[in-house]
Amino acid sequence: MEEHIWRLIYEKKRMMTLSLGLVFLFYFLLPLSLIFFPDVMNRISFIQGMSWAWLYGFLQIPMTWMMGWIYHVKAKIFDRKVEEIKQGELL
């Protein structure tokens, strides 16, 4: 039983580390790209009248929603596993 708990903690830490790493990478690439590639980021993108910097900034909104949805789904799975562990201890 103890092994299941530690495995679950490891899985949750791994999921949180990976998701936070991806979010921070996506978030900090915008200012870094503006510093190191200002000419590229100021060019007009495939959307007429919008630069790559603005497009990248607006893409952070759906990325935030997507990461929130993924966390919600994973949290439900972890909660279900915790309930299974609790039920196993009671029996």
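Above: the structure in question.
These lines cover the structure that appears in this document, whether it is placed above or below. (Residues numbered from 1 in each chain as written. Predicted model: local features only at pLDDT ≥ 70, side-chain atom pairs only at ≥ 80, totals over all residues. Heavy atoms only, no water.)

## Thoughts on a nonpolar patch on the surface
Okay, step 1: Residues L20, L22, F24, L25, Y27, F28, L29, L32, I35, F36, F37 and V40 make up a contiguous nonpolar surface patch of about 1,200 Å² in total accessible area.
Okay, step 2: For the nonpolar patch, the element with the most residues is helix α1 (residues 2-36), which contributes 10 residues.
Okay, step 3: Topologically, F36 is positioned in helix α1.
Okay, step 4: Owing to a relative accessible area of 57%, F36 belongs among the exposed residues under this scheme. (Patch = residues over 30% accessible without salt bridge, like charges linked within 9 Å, V, L, I, M, F, W, Y side chains within 5 Å. Areas by Shrake-Rupley, 256 points an atom, 1.4 Å probe, with all protein chains shown as cover. Salt bridge = Lys/Arg side-chain N within 4 Å of Asp/Glu carboxyl O. Helix = DSSP H or I, 4+ residues; strand = E, 2+ residues; numbered from the N terminus. Buried < 20%, exposed > 50% of the residue type's maximum accessible area, 1.4 Å probe, protein only.)

## Quick look at the packing of aromatic side chains
Okay, step 1: Under the counting rule described, the total for this entry stands at five aromatic pairs.
Okay, step 2: Note on F24 and F28: the rings are 6.1 Å apart at their centroids and 40° apart in plane angle, and the pair reads as tilted. One end of the pair is F24 and the other is F28, both in helix α1 and four residues apart, which spans about a single turn.
Okay, step 3: Aromatic side chains W54 and F58 sit 5.7 Å apart centroid to centroid with 35° between the ring planes, which places their arrangement in the tilted category. With W54 and F58 both in helix α3 (residues 52-90) and four residues apart, the pair spans about one turn of that helix.
Okay, step 4: The class for W54 is exposed, based on a relative accessible area of 56%. (Phe/Tyr/Trp six-rings, centres within 6.5 Å; stacked < 30°, edge-to-face > 60°.)

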